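Residue-level structural notes
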Amino acid sequence: MTERLEKLRKILGDLGADAMVVRSTDRYLNEYVPDADSTRQWLTGFTGSVGDALVTSKEAFLFVDGRYHLQASQEVKPEWTVVKLGLAEPIFGALCARVGALARSASLAVLGYESDRFTVSEREQLERAIAGTNAKLRALLPSPLEALMGRARVKFEPLRILDESRVGLSSVKKLERLREFLKAEQADLVVVEKLDDLAYLTNLRGADLPFQATFKAKAVVGLTSAAVCLHGREPSAALKQARGSFEFVLEKEFEEAVLRVAGVGRRAVLDPSANTDATRGLLAKQGF
């Protein structure tokens, strides 16, 4: 763990950042993250479901609430300072307060963050924490921690295709309602990243993550078409036939799917609490 911390500090120095926030969530904004996907667990050794980390050039902090005071103290190495919060204290809020204090004391100049693990709202909260100081945020994408730890190869089970006669609304009807919303907002596109929202929209289920029947993917819905970008699995013929209202592609084709679904339109709607800052950045790059 000590070696991992020093390797991260070396990379941050090379990237021109002197600190980094490491979230407990993954690229799909989940609370319960498989061990192989948790950059925070890999870096700190802490295995609890919730707890964010802040690494500077000289210090390392792990923020946990009352559920994990004892566990965090037992699992992390002495290089880490465990910041023990009450159950009513928001973990990310406490981290932002520490960031703000460091920025105001001129101990922090450039703060790196994994933009694919931050919602738009969370990025804005970090910005407010350093407002009025000379500190700046820097999106680190791809994550330097993922580069260090490597991504594990996992074989995913086929998706479970729900019988739509046994659910409240068909996926076709759900798409129609979503498109009504887009028209009312005079928008061309919406990106669905929260996995429970995606499972609901498609009437599909998976077993990719602990304690939930969801699957790793992102969806893009436009006025005339929709695409689901799957992680770790090829779409089966049965899946394509059962959910013909969606185009199924691999996750690496996400940006191309965004442009294809949007067509000539360049107005997108985002939920700041359910879309990642990385997606916001991608849309901005493409003129949305």
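Quick note: structure is the one above.
Residues numbered from 1 in each chain as written. Predicted model: local features only at pLDDT ≥ 70, side-chain atom pairs only at ≥ 80, totals over all residues. Heavy atoms only, no water.

1. Brief notes about the sheet that holds strand E8 (residues 189–192)
Spatially, five strands are ordered E12-E11-E10-E8-E13 in an open sheet, and the strand pairing comes out mixed. Two strands close off the open sheet at either side, each with one partner strand: strand E12 (247–250) and strand E13 (268–269). Looking at chain direction, strand E10 (residues 217–222) and strand E11 (residues 226–230) are connected through five bridges and run antiparallel. If you follow alanine 219 over to E11, its bridge partner there is valine 228. Docked against the sheet, helix H7 (residues 171–184) engages E8, E10, E11 and E13, running at close to 60 degrees with respect to E10. (Pairing = 2+ DSSP bridges. Helix = DSSP H or I, 4+ residues; strand = E, 2+ residues; numbered from the N terminus. Contact = heavy atoms within 4.5 Å. Axes fitted to C-alpha atoms, helices over the stretch in contact; angles between N-to-C directions.)

2. Re the packing of aromatic side chains
Counting across every chain of the model gives six aromatic pairs. On the basis of an interplanar angle of 45 degrees and a centroid distance of 6.4 Å, the ring pair of phenylalanine 61 and phenylalanine 63 is categorised as tilted. Relative accessible area serves as the criterion here: at 4%, phenylalanine 61 is assigned to the buried category. Pairing phenylalanine 92 with phenylalanine 118 gives two aromatic rings, centres 5.7 Å apart and planes at 70 degrees, and the pair type is edge-to-face. Placement of the pair is phenylalanine 92 in helix H4 (residues 91–104) and phenylalanine 118 in the loop between strand E5 (110–113) and helix H5 (120–130), with a sequence separation of 26 residues. (Phe/Tyr/Trp six-rings, centres within 6.5 Å; stacked < 30°, edge-to-face > 60°. Buried < 20%, exposed > 50% of the residue type's maximum accessible area, 1.4 Å probe, protein only.)

3. Quick notes on the pairing of strand E3 (residues 60–64)
In terms of burial, E3 is largely enclosed, as five of its five residues are buried. The alternating pattern of E3 places Ala60, Leu62 and Val64 and Phe61 and Phe63 on opposite faces, both of which are buried. Sheet analysis places strand E2 (residues 52–56) next to E3, joined by four bridges and oriented antiparallel. Among the inter-strand pairings, leucine 54 is bridged to a residue of E3, identified as phenylalanine 61. Taking the residues that link successive antiparallel strands as the turn, the E2-E3 hairpin has three residues. Inspection of the sheet shows E3 paired to strand E4 (residues 81–84) by four bridges, in the parallel sense. Among the inter-strand pairings, valine 64 is bridged to a residue of E4, identified as lysine 84. On the question of chirality, the crossover connecting E3 to the parallel E4 by way of helix H3 (residues 69–75) is right-handed. (Right-handed = clockwise from strand over helix to strand, strands pointing away.)

4. Brief notes about the pattern of salt bridges
Under the counting rule described, the total for this entry stands at 21 salt bridges. Two residues, arginine 117 and glutamate 146, come together in a salt bridge whose shortest N-O distance is 3.0 Å. Placement of the pair is arginine 117 in the loop between E5 and H5 and glutamate 146 in helix H6 (residues 144–149), with a sequence separation of 29 residues. By the burial criterion, arginine 117 is buried, and glutamate 146 matches it. Residues aspartate 277 and arginine 280 are paired through a salt bridge, measuring 2.7 Å at the closest nitrogen-oxygen approach. In this pair, aspartate 277 and arginine 280 both sit in helix H11 (residues 277–285), three residues apart, roughly one turn of the helix. Here the residues in one salt-bridge network are Arg27, Glu114, Asp116, Arg117, Glu146 and Glu251, joined through shared partners. (Salt bridge = Lys/Arg side-chain N within 4 Å of Asp/Glu carboxyl O.)

5. Brief notes about the sheet that holds strand E1 (residues 19–22)
One open sheet accounts for six strands, arranged E4-E3-E2-E1-E5-E6; its pairing is mixed. Two strands close off the open sheet at either side, each with one partner strand: E4 and strand E6 (136–139). In this sheet, neighbouring strand axes are inclined to one another by 25 degrees on average, regardless of whether the strands run parallel or antiparallel. By the bridge criterion, four bridges tie E1 to E2 in an arrangement that is antiparallel.

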